[in-house]
Amino acid sequence: MVTPDEAAGEAFRLEGVGLTVARATILRDVTLSFPRARVTALVGHNGSGKSTLLRIMARQVAAGTGRVLYDAHPVADFVERAFAREVAWLPQDPGTGADLTVREVVASGRYPWHGPLGRFTDADRQRVEDALAAVHLQGFGERPLATLSGGERQRAWLGMLIAQDSKCLLLDEPTAALDIAHQVEVLSLIRRLSHDHGLAVVIVMHDINMAARFCDLIHALKAGEVAASGPPARIVTPEVLHRIYGIAMDVLVQPGRDVPIACVR
Amino acid sequence: MTWGMTRRLGPILVLALGIALLLWLLVAAPLSAQAAPGYDPVKMRLYHSTLPRLATAVIAGFALSLAGALFQQVLRNPLASPTTLGISAGAHLALVVATLFFPAHLGLGRDAVALLGSALVAGLIMALGARRGFSPLSLVLSGLVVSLWCGALAAILAYLNDRSMVSLFIWGAGSLSMQSWQIPLALGWKVGLLALCCLPLLRPLSLMDLGDGAAASLGVRLTRIRLAALAVAVALSALVTSAVGVIGFIGLVAPVLARLLGARGSPVFLLTSGLIGAALLLVTDTAIQLAAGQFSDLLPTGAITAVFGSPLLLVLLPRLKIRHRVIGGAVAPPQRMPRFALVLAALPLMVVVAVLLGRDAGGAWVMGTEMAALRLPRVMTALAAGAMLAVAGVLLQRLTGNEMASPEVLGISAGATLGLAASLFVLASPGLPVQLGFAGAGACAVLAVILLATRRTALAPERVLLAGIALGALVDALSGLLAATGDPRALALLRWMSGSTYNAAPGSAMLLCAAAVALALPALAARRWLDLLPLGPALAGALGVPVGRARLGLFALAGALSAVATLGIGPLSFVGLMAPHLAREAGLRRALPQTVGAALIGAALMVGADWLGRVLLFPWQIPAGLVAALMGAPFLIFLLFRRGRT
Amino acid sequence: MAPAALLTPALAAGAPRVVSLDYGLASTLLGLAVTPVGISELSGWRDWVVEPAMPPKVAELGISTEPNLEILSALAPDLILVTPWLDAQIPRLTQFAPVLRLETFIWTGRPILDACIAATQTLAARIGREAEARHLLADMEALFADCRARLARHAGRAVVLAHFWDARHVRISADPSLFNDVLLRIGLRNAWTEPTGNWGFQTLPVEALSRVTDPGAMLLVFDPLPPGTFETLDRSPLWRALPLAQPERIRRMPPVLLLGMVNEAMRFARLVTEAVEADA
């Protein structure tokens, strides 16, 4: 079922990844590939293991069995900062940023580059300003993160990831707190970054329609195992959706676009 | 009989048999003794001392455990108890204050005084808890801090009245010795009445297990039921403290055992807790009476239950669900230059005052350099200790993401105290270097224990904090036990615990300053880690911070800083808590400026406290640690209130 | 010991400026007709030591374990008196004046009274007051002899020496202590024979007093007594039935310094003799 994108190369490769916690199997024999310059969605029912899989890729959790390769090397081989320069991860609820200001949060993204003792250079400063501009928060630099609305805060965290300047983004439901307009804005931004700058992006998503609309590839998990994998058109079909979610669904095609839309039958 | 029932009944049977055996050992001999004609001391002791003592143990154990179970039920907090919430300590402090300042009025009003103290602490803890959503940890954390503070203040008040202190310690350590049925009878009907008050609360409390929303929709008046249950619990523990003193941790242990035995539902849980508590205290006290026959010295029951009970907090830690809390809520004001200038100017100003301004033998104020050579070592010691505690406080608060963290709370100071106690009681008359060596070893041992005990949970900050405070409670119990025996060496321990700079010599002061610089530098170098770690371990790790190693190293650094500072200034200053917050108030939010600012503020606070202590009651000297602590506690309370509001 | 060689000129000249960090040593100084220039815990003197009265103009040094060094240096004493209790402070104090360490109330293998007599003689030699010391010790011997004679009728009578902490706990003085030694010298004995620590006293629950089986023993209750102690005790059947607590066997005593020296031994002897003598 592995479909490496030959043109852009492969960022992550999972081989037979499994995880068992207190006799409960969370993940079993997951073998998947995540290409560069593409946005890949991880979907599945609640408790299907999609967030856990993302955390394994981000090295937040160690896989019980199998291999997790980044750039053809086991992720455990990277030292902390080297890995952070390659892979950026944003948890589902990153919090309110202690009492840092927006600019300080975004500047935190530069840590993998300057390290604990290195100088914070003008180049670093420029990266931070660029990231603030990319998430449309130029005027918010001095505001404490805690005083921002949910959408602004989410954009600030994305700004940190952009400033981190890594080659791969792992995002856990980055749009969960956002209204529909902001969802579209953030996902468009992510898609643009991926396609323009060649970033590998992996997003855990609930909304199968948003995934179909903004992602190039969808990996679906069911009860810790890979249920389906492929481009949206191959996933968003009544048969596959029934396999993933266990309920009957219909698929329409949005008028004027080539995007499938799923709805409950 | 099913396996489950066997498992539940087994421990009960063992307990019952144990009680029977111990009671038999205690009572059989006097009962079977030949009745002597006329005055019979054996029978008199049995009927008017041993039996009322056993009855008191049963009543007090029942009351405290019922109170603990009520607290746990209402607050949904498996760590709540009269001891961990500071209720008992509040009552004790109130009684000490009354004994020292209004001795003539104490006779009738004991219960009232104890109730007042308990209610004040309870009101405070609940008000704080309500503002933080009754989060189990913050509740117990603030309860234990208040408890330690009350205990320390009571100890220091006793120290300042050293020749009458033993009586105060006996109450603090909870002695159950009886000479009549007066106490058990008086306590018995009050506890019985309060237990009856629980009956109408049983059904609503059961419904509240469903959750507040569900209970409210079924017609339960949540606030009223909660308040009533808390009032009963507070009254129960206050009455016990008033009658026999502080009996530590029974109210925590019994409900926990009740739960482990599978007591479900409010009525069963409350009753089982009460009965187990009664049995536990009965067993403990019987064993103590039997043992006391061997040693013939006073073994206060309350301190002994605390010594065995406080480690239970450590055992309970894994049962608590803890997630990383991120500092937040209140927004620090932007950097303001005047305040920052104040921070910079405060220390030199304070040092000049502390070195030059003093009083002469007649009490008149004198400004001059004559005494500078005597004052400088003390000022330098205070300065170095204050700065180190402040830096340790910054490290701990940033590591744990918890604004309550401080060296005092971590238990390092408690370890140093224990080491000093060991040196005093193991060696005949240890010199100053030996005492300091023992104290240092104690501090390091506690640090090692905390690091090892929390290793499996990957140094989860809240656990480290609670582990530290549990150790602090243990040390508190042990030193209370020592002090209540009236041994004059306990005085030396108390003196050191009060945090005096008196022993500062030029050499040691220089050494302390050098240590402060040497230990503060790595903290400054780790400024980027300290900036990122408050974001939480997951995010900091994702940004490339080696979280495990960074935490281990910084915890060790904080431990070293507090150990060295504790050697200089004693264990109880709260400067490590205050200084980081004041630095934030001055607008210093990032790790580097906050660390530097906190160090300056901490140093200035400690120098100021030392100076005040030297001149206020001249020629008597109040230890600097005590002065700082007296300022620190209200600050702590203020902090909790302000934090909660946002 | 070669005291004369250690004397500073000022001491030899007869106006010794002495600081005492112990009540017993300060009281002994007064007994040697030397007024200390400063003592620790001066404010408690009248409550705990009572006699001899401390003359005015003596400087207060604060708590004994932390005497105020600023005042100490301003006093410029010739000699500082300490007990082993302050061993940890001796290196410190030596910077201000020579320190004389005298073993008085701590058990070192010889009776406490003997230790106090030896300490008195050492002190007197050090400050050139040997004659006064001989007088003081002779007075003590004479008083003991007098007391012994007055108590001939009660010879061997047992007494319990009690300080009440509260209505439930009591401190009992026993062997080895100054009081115990004095009791023997004046022909009485201590009814409490259970071993105590090196400090000569132990804290016990009140019912432990029923372990005193001596039929003629008297209970001497020393002040200060916490308010309400006897009122509470009188409601206890155990206490009321206690032979030792019967009104005719119980005596309320003025305060006497527990860890004192020769003057305190004499005050104790006099007060105990008066109390026992009055008994029919």
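Residues numbered from 1 in each chain as written. Chains lettered and ligands numbered in written order. Predicted model: local features only at pLDDT ≥ 70, side-chain atom pairs only at ≥ 80, totals over all residues. Heavy atoms only, no water.

Draft legend 1. Examining the overall build of chain B more closely. Across its full length, chain B holds 28 helices and two strands. Out of the 646 residues in chain B, the part that is buried amounts to 61%. Of the contacts formed within chain B by residues at least 6 apart in sequence, a portion of 79% connects residues at least 24 apart. (Helix = DSSP H or I, 4+ residues; strand = E, 2+ residues; numbered from the N terminus. Buried < 20%, exposed > 50% of the residue type's maximum accessible area, 1.4 Å probe, protein only. Contact = heavy atoms within 4.5 Å.)

Draft legend 2. Summary view of the interface of chain A and chain B. Contact residues are listed per partner, giving 31 residues for chain A and 24 residues for chain B. Carbon and sulfur atoms supply 59% of the area that chain A and chain B bury against each other, a total of about 2,200 Å² over both sides. For E104 of chain A, the salt bridge goes to R589 of chain B, with nearest N and O atoms at 3.1 Å. If you look at where chain A meets chain B, you find eight residue pairs in polar contact (both at pLDDT 80 or more). Going through the elements one at a time, α2 (80-86), β6 (87-90), α3 (102-108), α4 (111-114) and α6 (150-164) of chain A are the ones with two or more residues in the side of chain A that touches chain B. (Buried area = accessible area lost by both parts, 1.4 Å probe. Salt bridge = Lys/Arg side-chain N within 4 Å of Asp/Glu carboxyl O. Polar contact = N/O pair within 3.5 Å; in protein donor to acceptor, adjacent residues only side chain to side chain.)

Draft legend 3. Main features of the sheet that holds strand β3 (residues 39-44) of chain A. Residue and element names in this part refer to chain A. Here six strands make up an open sheet; going across it, the order is β6-β7-β8-β3-β9-β10 and the pairing mixed. Each having just a single partner strand, β6 and β10 (225-230) make up the two edges of the open sheet. The sheet shows a mean angle of 15° between the axes of neighbouring strands, direction not considered. Pairing of strand β9 (residues 217-222) with β10, which is carried by five bridges, proceeds in the antiparallel orientation. Its bridge partner lying in β10, K222 is registered against E225. Against the sheet, α6 contacts β6 and β7 (168-172), and its axis sits at roughly 170° relative to β6. (Pairing = 2+ DSSP bridges. Axes fitted to C-alpha atoms, helices over the stretch in contact; angles between N-to-C directions.)

Draft legend 4. Layout of the confidence of the model for chain C. The share of residues in chain C with pLDDT of 70 or more is 94%, and the mean pLDDT across the chain is 85. This stretch, residues 1-12 of chain C, has a pLDDT under 50; its non-local contacts, to residues over four places away or in other chains, come to 13 contacts. (pLDDT = per-residue confidence, 0-100.)

Draft legend 5. How the structure looks around the side chain of T120 of chain C. Structurally, T120 of chain C can be placed in helix α7 (residues 112-127). Look at T120 of chain C and you get buried, because its relative accessible area is 0%.

Draft legend 6. Layout of the domain arrangement of chain C. Residue and element names in this part refer to chain C. If you check the domain split of chain C, you get domain 1 (3-102) and domain 2 (153-277). When each unit is reduced to the centre of its C-alpha atoms, the spacing between domain 1 and domain 2 is 31 Å. Buried surface at the junction of domain 1 and domain 2, both sides included, amounts to about 960 Å², of which 58% is carbon and sulfur. When residues of domain 1 are sorted by the area they lose upon contact with domain 2, T28, W48 and E51 head the list and together hold 42% of the total. Applying the counting criterion to the domain 1 and domain 2 interface returns two salt bridges. The closest approach of N and O atoms between R270 and E51, which form a salt bridge, is 2.3 Å. Remark: the boundary between domain 1 and domain 2 carries four residue pairs in polar contact (both at pLDDT 80 or more). Elements with a minimum of two residues in the side of domain 1 that touches domain 2: α3 (23-31) and α4 (45-48). No other element matches the six residues that α3 contributes to the side of domain 1 that touches domain 2. (Domains from an automatic or database assignment.)

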